[in-house]
Amino acid sequence: TGSSEGLFVGGVIGGVWQARSSATDNIIHSGLKNYGNVTLGGSYSVSGKRSCAGGIVADIFGYGELYNCLNEGIIKCEPTQGTTVPTTIRLGGIIGTATSAGKTYPPTIKCEYCINKGEVIAKSFTAGNYVIAGGIVGYAYNQNSITFILKDCGNSGKIAFDGMTSTQNGYVSG
């Protein structure tokens, strides 16, 4: 069973959630590496929530910086048969989801010089839900004037939707 917000599965970090107290107050991660597979799956029930998986970080909310990170693991969504899945599933080779917090200081998320070599695979799930997948970032949302910087990153991993039907929605970005 997931949290009240959903499930957050990261190869290195599940979630970076920060509200800045000054213009220079940022969480910075550099040189993180993941070689293991990250699976958002099994039997869980968090219907109506968002869930995300990322090779390095599942969810960055507000402020965070990633530099020189590498993912070589497979990122996949694979719920078991009959599982109630979230309304939105977000999968990214480096970051699953990046969203803003909108506090006193403008939110900034940076992802620079990061490489994804792992596959990002969305498997079949309950009809009517959404899955969003990307080689670097699965989903970036501008809630409160977020500054999102994606610089000199690369993806060589396959991005695939496996077993989805016409009643299911999927979005993909390299």
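Residues numbered from 1 in each chain as written. Predicted model: local features only at pLDDT ≥ 70, side-chain atom pairs only at ≥ 80, totals over all residues. Heavy atoms only, no water.

Draft legend 1. Representation of the nonpolar core. One finds Ile56, Val57, Ile60, Leu66, Ile94 and Ile95 to be the most contacted residues of the largest nonpolar core, which totals 17 residues. Only strand E2 (13-17), strand E7 (57-61), strand E12 (95-99) and strand E13 (108-112) provide two or more residues apiece to this core. Residues in contact with isoleucine 60, not counting those within four places in the same chain, are Val16, Leu66, Ile95, Thr97, Ala98, Thr99 and Ile109. Counting residues in each nonpolar core, the second largest holds 12 residues, with Leu40, Ile89, Val131 and Ala133 among its members. (Core = buried A, V, L, I, M, F, W, Y, C linked by side-chain atoms within 4.5 Å. Buried < 20%, exposed > 50% of the residue type's maximum accessible area, 1.4 Å probe, protein only. Helix = DSSP H or I, 4+ residues; strand = E, 2+ residues; numbered from the N terminus. Contact = heavy atoms within 4.5 Å.)

Draft legend 2. Here's a closer look at the side chain of serine 51. Among the secondary structure elements, serine 51 is positioned in strand E6 (residues 50-54). Under the relative-accessibility criterion, serine 51 is labelled buried at 0%. Engagement of the side chain of serine 51 in a polar contact is seen with the backbone nitrogen of leucine 7, the distance being 2.7 Å. (Polar contact = N/O pair within 3.5 Å; in protein donor to acceptor, adjacent residues only side chain to side chain.)

Draft legend 3. Main features of the sheet that holds strand E9 (residues 70-71). Sheet architecture is open: 4 strands sit in the order E4-E9-E14-E19, paired in parallel fashion. Looking along the sheet, the strands with just one partner apiece sit at the ends: strand E4 (33-34) and strand E19 (154-155). (Pairing = 2+ DSSP bridges.)

Draft legend 4. Seen up close, the sheet that holds strand E17 (residues 137-141). Read from one edge to the other, the open sheet built from 4 strands follows the order E2-E7-E12-E17, with strand pairing classed as parallel. For this open sheet the edge positions go to E2 and E17, each flanked by a neighbour on one side alone. With strand direction ignored, the average angle separating the axes of adjacent strands in the sheet is 5°. In the sheet, E2 pairs with E7 via 4 bridges, with the strands oriented parallel. Pairing of valine 16 across the sheet is with isoleucine 60, part of E7. (Axes fitted to C-alpha atoms, helices over the stretch in contact; angles between N-to-C directions.)

Draft legend 5. Examining the packing of aromatic side chains more closely. This structure, assessed with the given rule, holds 1 aromatic pair. Ring geometry for tyrosine 139 and tyrosine 141: centres 6.2 Å apart, planes at 10°, overall stacked. In this structure tyrosine 139 comes out as partly exposed when scored by relative accessible area, which is 23%. For tyrosine 141, a relative accessible area of 38% translates into the label partly exposed. (Phe/Tyr/Trp six-rings, centres within 6.5 Å; stacked < 30°, edge-to-face > 60°.)

Draft legend 6. Focus on the confidence of the model for the chain. Considering every residue of the chain, the mean pLDDT works out to 78; 66% of them sit at 70 or more. Residue range residues 166-170 is modelled with pLDDT below 50. Its contacts to residues more than four positions away, or to other chains, number 16 contacts. (pLDDT = per-residue confidence, 0-100.)

Draft legend 7. Region of interest: the side chain of glutamate 112. Relative to the elements of secondary structure, glutamate 112 occurs in strand E13. Buried and without a salt bridge, glutamate 112 has lysine 151 as its closest oppositely charged side chain, separated by 4.7 Å. When sequence neighbours within four positions are dropped, the list of residues in contact with glutamate 112 reads Leu66, Tyr67, Asn68, Ile149, Lys151 and Cys153. (Lys, Arg positive; Asp, Glu negative; His and termini not counted. Salt bridge = Lys/Arg side-chain N within 4 Å of Asp/Glu carboxyl O.)

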